[in-house]
Amino acid sequence: MSDTLNIAYCGIEGAWANIAAKRVFPNGKMNAYSSFQQAYDSVENGNCDYAVLPVENSYAGDVGQVFDLMHNGNLVINNTYNLHISQALLGIKGSKIEDIKSVISHQQAIDQCIEFIQNHKMIALPSSNTAVAAKKVADAKDKSLGAIASEESAALYGLEVLAKSININQENCTRFAIFTKKYEIPAKTEDRVSILMFSVKNLPGALAKAVKIIGDEGFNLLNIKSRPVKNIPWKYYFYVEVEGSLLDDNGKKLLKSLSQVCEDEKIVGTYEKA
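The sections below set out a description of the structure shown in this document. (Residues numbered from 1 in each chain as written. Predicted model: local features only at pLDDT ≥ 70, side-chain atom pairs only at ≥ 80, totals over all residues. Heavy atoms only, no water.)

1. Brief notes about the overall build of the protein
Thought 1: A tally of regular secondary structure across the protein gives 9 helices and 15 strands.
Thought 2: Its C-alpha atoms give the protein a radius of gyration of 21 Å, near enough to 19 Å, the size a compact globule of 274 residues would have.
Thought 3: In terms of overall dimensions, the protein has a C-alpha envelope of 65 × 50 × 35 Å along the principal axes.
Thought 4: Here the protein holds 274 residues, and the buried ones make up 50% of them.
Thought 5: When the accessible area of the protein is evaluated, it comes to approximately 13,400 Å², of which 50% is carbon and sulfur surface.
Thought 6: Charge centroids of the protein, computed over 29 positive and 31 negative side chains, lie 3 Å from each other. (Helix = DSSP H or I, 4+ residues; strand = E, 2+ residues; numbered from the N terminus. Rg over C-alpha atoms; globule rule 2.2 N^0.38 Å. Buried < 20%, exposed > 50% of the residue type's maximum accessible area, 1.4 Å probe, protein only. Areas by Shrake-Rupley, 256 points an atom, 1.4 Å probe, with all protein chains shown as cover. Lys, Arg positive; Asp, Glu negative; His and termini not counted. Charge placed at Lys NZ, Arg CZ, Asp CG, Glu CD.)

Put into structure tokens, the structure is as follows:
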């Protein structure tokens, strides 16, 4: 029986998720999926041990599809990984920047590089993934078509790097979450960050009361975001990050207190503070 871990990610070889997954699990077997949902499901159904999925970019913001998977699914987050993102313009051999009329990439990469795209009067075409975009350019063999992707993708698919570091923010970083089935209980709960999701009851001041309860129970609120609940117009769920572990008695007490103003409360993960 092999001890090699099966790691799921969304995209193909050379994608930023693939790069992040290999850095987190250098000895793992990489398993590519065409969507976040498929990668997530592969862990839920036992085909993979972990899924490495992006949750937010420091410039382009949250990856809403992954937040919805957190809210609706059964996996937990045991760790996160911050990957510095340096986007490059890629083209086929012999092409130059001035040849590129249209550029393909994932929408978040397009958003990260929009000034470069506009300054060079290029047409942006969204793709499911940066590495998929690079492969499309390699297959098309069209000098007027470029891709925004990693330099690793250029090497993989035989493309030339026409421009490096074209993202607006040179501190560009994507945070990836490592999803799995069960909590891996940390040895030091005081050096943890935990993720909680909840929706509030239809009561006056319910959200304000929920935030106050978190503080009153001794948890430092680090982050709060809202997302629409699917299929229920104008209803939202909230994503919260707090300092400390929610897997102990203090966490249970917090959930019990929140139940006074919340319809549902769900611990999504706990991991080591960066």
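2. What to know about helix 9 (residues 249-258)
Along an α-helix, a turn takes 3.6 residues, which lines up residues three or four apart on a common side.
Thought 1: Buried within helix 9 are the following residues: Gly251, Leu254, Ser257 and Leu258. In a view along the axis of helix 9, the buried residues occupy a sector of 125 degrees, so they form one face of it. Of the exposed residues in helix 9, the ones pointing more than 90 degrees away from its buried face are Asp249, Lys252 and Lys256.
Thought 2: Taken together, the buried residues of helix 9 touch strand 12 (192-200), helix 8 (206-216) and strand 15 (262-272).
Thought 3: With a side-chain oxygen positioned 3.2 Å from the backbone nitrogen of Asn250, the residue opening helix 9 is Asp248. (Arc of directions from axis to C-beta. Contact = heavy atoms within 4.5 Å. Polar contact = N/O pair within 3.5 Å; in protein donor to acceptor, adjacent residues only side chain to side chain.)

3. Here we look at a nonpolar patch on the surface
Thought 1: A cluster of nonpolar side chains, namely Leu207, Val211 and Ile224, defines an oily patch on the protein surface of about 180 Å² accessible area.
Thought 2: Mapped onto the secondary structure, Ile224 falls in strand 13 (residues 221-228). (Patch = residues over 30% accessible without salt bridge, like charges linked within 9 Å, V, L, I, M, F, W, Y side chains within 5 Å. Salt bridge = Lys/Arg side-chain N within 4 Å of Asp/Glu carboxyl O.)

4. As for unusual backbone geometry
Thought 1: With a phi angle near 50 degrees, Lys121 is a residue other than glycine that sits in the positive phi range.
Thought 2: Following the sequence through the fold, Lys121 ends up in the loop between helix 5 (114-119) and strand 8 (123-127).
Thought 3: The backbone of Ser165 sits at a positive phi, close to 50 degrees, despite the residue not being glycine.
Thought 4: Note that Ser165 resides in the loop between strand 10 (160-163) and strand 11 (173-180).

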